[in-house]
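Take a look at the letters that make up each chain.
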Amino acid sequence: MLRITDARTGETVDAVRARRGLTRVEAHVERDDLSALRVLLVADVLARALELGGTPVATVADPPAALRARADALGIRRAEGERGGAGPALHVLASASGAPEGPAPGRSASEEAAPMDATTMGATSMGSTSMGENSTDPTSTDPTSTDPTSTDTAPAAQGPVIPAPSDADLDGVRIEVAPVSGTADPSLLRMILLAAPRRQSLDLAAADLDGARETLGRWREAVAGWATRPSKPVPEHVRQELRAAWEDDLDVPAVLEVLRRVEHAEDVPDGARFETYAYADRLLGLELTRDIGTQW
């Protein structure tokens, strides 16, 4: 059962009370910027996690057109429900204070409040073996691309600012997301955002973009190779590790850490590695299987 921190109380609660009942995941965005994009991404991953647990989900959001274009580029699914519709609601929105709602378990308040930088990202999700500084991915797009996700320094085309909802306006659990600043290659942005704890502010200027590019390219290439090997099921202990990670307050960096371990695990056959990465990608949405069949 997925448990999540309710920002109204700071307590961890069951995300849903009835696993088979319809649940609304409502994303509240105030403007067109990367922080709002992160809110949409967290809502997308939350909906995916609930669906993997057998809960039917209706996603709800009404982003301005420019932000919707950014979300499309990141593979964030479009909303399909209406606010105030049937079922309990989980509300995802930017942190009211622009800072995390409190230290995560095992972390001090000063650690949780510090912006995510390259060193932190390497320690929490990628691992030292996947953060090479000079690696390149020939499939990545030009960092100077004019894609709408590539910059957040010129918000001139923003739509009207919508006031953030108050606690009185929300009828369910409130999930807060810390802000993002800086710019990044749009082809890497989903990976960069997923690698950072959602309650920790993220400065893209300090993020290890080369490391993210190398990891993403290496994983896609490896998955394409593993797909040619005899299929094996996801090892049960690996499946449990993955589920334990995302069901513990939607800890996506821990999910990425499990994949890093499986990549080099001697007791996991290649066919099982493929199934593991394909299974995890149902949550991550990183298109880890996209290069299958392109190597030959």
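Everything quoted here is computed from the prediction, not taken from an experiment. (Residues numbered from 1 in each chain as written. Predicted model: local features only at pLDDT ≥ 70, side-chain atom pairs only at ≥ 80, totals over all residues. Heavy atoms only, no water.)

Student: Please explain the overall build of the protein as it appears in this structure.
Tutor: Tallying secondary structure elements over the protein gives 9 helices and 8 strands in all. Residues counted as buried form 50% of the 296 residues belonging to the protein. Long-range pairs, those at least 24 residues apart, make up 77% of the contacts in the protein between residues at least 6 apart in sequence. Working note: accessible area of the protein is about 13,000 Å², and carbon and sulfur atoms make up 51% of it. (Helix = DSSP H or I, 4+ residues; strand = E, 2+ residues; numbered from the N terminus. Buried < 20%, exposed > 50% of the residue type's maximum accessible area, 1.4 Å probe, protein only. Contact = heavy atoms within 4.5 Å. Areas by Shrake-Rupley, 256 points an atom, 1.4 Å probe, with all protein chains shown as cover.)

Student: Is there a simple way to explain the sheet that holds strand β6 (residues 173-177) in this structure?
Tutor: As a general point, the strands of a sheet are linked pairwise by backbone hydrogen bonds and lie either parallel or antiparallel. Spatially, 4 strands are ordered β4-β3-β5-β6 in an open sheet, and the strand pairing comes out parallel. Across the chains shown, the open sheet's two edge strands, defined by having one partner strand only, are β4 (57-60) and β6. Across the sheet, the mean angle from the axis of one strand to that of its neighbour is 20°, orientation sign disregarded. In terms of strand pairing, strand β3 (residues 23-28) meets β4 through 4 bridges, oriented parallel. (Pairing = 2+ DSSP bridges. Axes fitted to C-alpha atoms, helices over the stretch in contact; angles between N-to-C directions.)

Student: Would you mind going over the nonpolar core with me for this structure?
Tutor: By size, the foremost hydrophobic cluster in this structure holds 73 residues, and its most contacted members are V25, L46, L50, V92, L242 and L284. Ranked by residues supplied to this core, first place goes to helix α1 (residues 34-52) with 14 residues. For V92, the residues in contact, after removing those within four places along its chain, are V25, E26, A27, H28, V39, V42, A43, L46, I175 and V177. (Core = buried A, V, L, I, M, F, W, Y, C linked by side-chain atoms within 4.5 Å.)

Student: Any chance you could explain the pattern of salt bridges here in plain terms?
Tutor: A side chain of one charge can pair with a side chain of the opposite charge if their charged atoms are brought near each other. Taken as a whole and judged by the stated rule, the model has 23 salt bridges. Between D44 and R48 there is a salt bridge, with its nearest N and O atoms 3.0 Å apart. One end of the pair is D44 and the other is R48, both in helix α1 and 4 residues apart, which spans about a single turn. By relative accessible area, D44 is classed as buried at 4%. When its relative accessible area of 13% is taken as the criterion, R48 is described as buried. (Salt bridge = Lys/Arg side-chain N within 4 Å of Asp/Glu carboxyl O.)

Student: Looking at this model, I keep getting lost on the packing of aromatic side chains. Mind explaining?
Tutor: The geometry of an aromatic ring pair is captured by two quantities: the separation of the ring centres and the angle between the planes. Under the counting rule described, the total for this entry stands at 3 aromatic pairs. On the basis of an interplanar angle of 85° and a centroid distance of 5.5 Å, the ring pair of W219 and Y277 is categorised as edge-to-face. Of the two residues, W219 is situated in helix α6 (residues 209-226) and Y277 in helix α9 (residues 270-284); the sequence distance between them amounts to 58 residues. When its relative accessible area of 0% is taken as the criterion, Y277 is described as buried. Ring centres 5.7 Å apart and planes at 50° place the aromatic pair W246 and Y279 in the tilted group. On the criterion of sequence distance, the pair formed by W246 in helix α7 (residues 236-247) and Y279 in helix α9 is long-range, its members being 33 residues apart. Judged by its relative accessible area of 0%, W246 is buried. (Phe/Tyr/Trp six-rings, centres within 6.5 Å; stacked < 30°, edge-to-face > 60°.)

Student: Looking at this structure, how should I read α7?
Tutor: Because an α-helix packs 3.6 residues into every turn, residues spaced three or four apart end up facing the same way. With 12 residues, α7 ought to run about 16 Å at 1.5 Å a step, and its terminal C-alpha atoms sit 16 Å apart, in line with that. Those residues of α7 hidden inside the fold are in contact with β1 (3-6), α1, α8 (252-264) and α9. Looking one or two residues past α7, D249 carries a phi angle of roughly 60°, positive in sign. (Expected span 1.5 Å × (residues − 1).)

Student: Please explain α1 as it appears in this structure.
Tutor: Along its 19 residues, α1 runs 27 Å from first to last C-alpha, staying within 8% of the 27 Å computed at 1.5 Å per residue. Burial analysis of α1 places 18 of its 19 residues in the buried class, the great majority of the element. You can read the cap of α1 off the contacts: a side-chain oxygen lies 3.3 Å from the backbone nitrogen of S35, and it is on D33. A positive backbone phi angle near 95° is found at G54, which sits one or two residues after α1. (Polar contact = N/O pair within 3.5 Å; in protein donor to acceptor, adjacent residues only side chain to side chain.)

Student: Explain the environment of P63 to me, please; I cannot follow it from the model alone.
Tutor: By the element assignment, P63 lies in the loop between β4 and α2 (65-73). Through-space distance from the C-alpha of P63 to that of R31 is 7.7 Å; in sequence the pair is 32 residues apart. Once residues within four sequence positions are removed from consideration, P63 is found in contact with V29, L40 and R68.

Student: What is the right way to read the side chain of R243 from this model?
Tutor: Note that R243 resides in helix α7. What makes R243 buried here is its relative accessible area of 16%. Engagement of the side chain of R243 in a polar contact is seen with the side chain of Y279, the distance being 3.0 Å. When sequence neighbours within four positions are dropped, the list of residues in contact with R243 reads L52, G53 and Y279.

Student: Which parts of the structure should I look at to understand the environment of L50?
Tutor: Inspection of the secondary structure puts L50 in helix α1. On the basis of relative accessible area, L50 is assigned to the buried category, the value being 3%. Contact partners of L50, with chain neighbours within four places excluded, come to L2, A15, V16, T23, V25, T55, V57 and L90.

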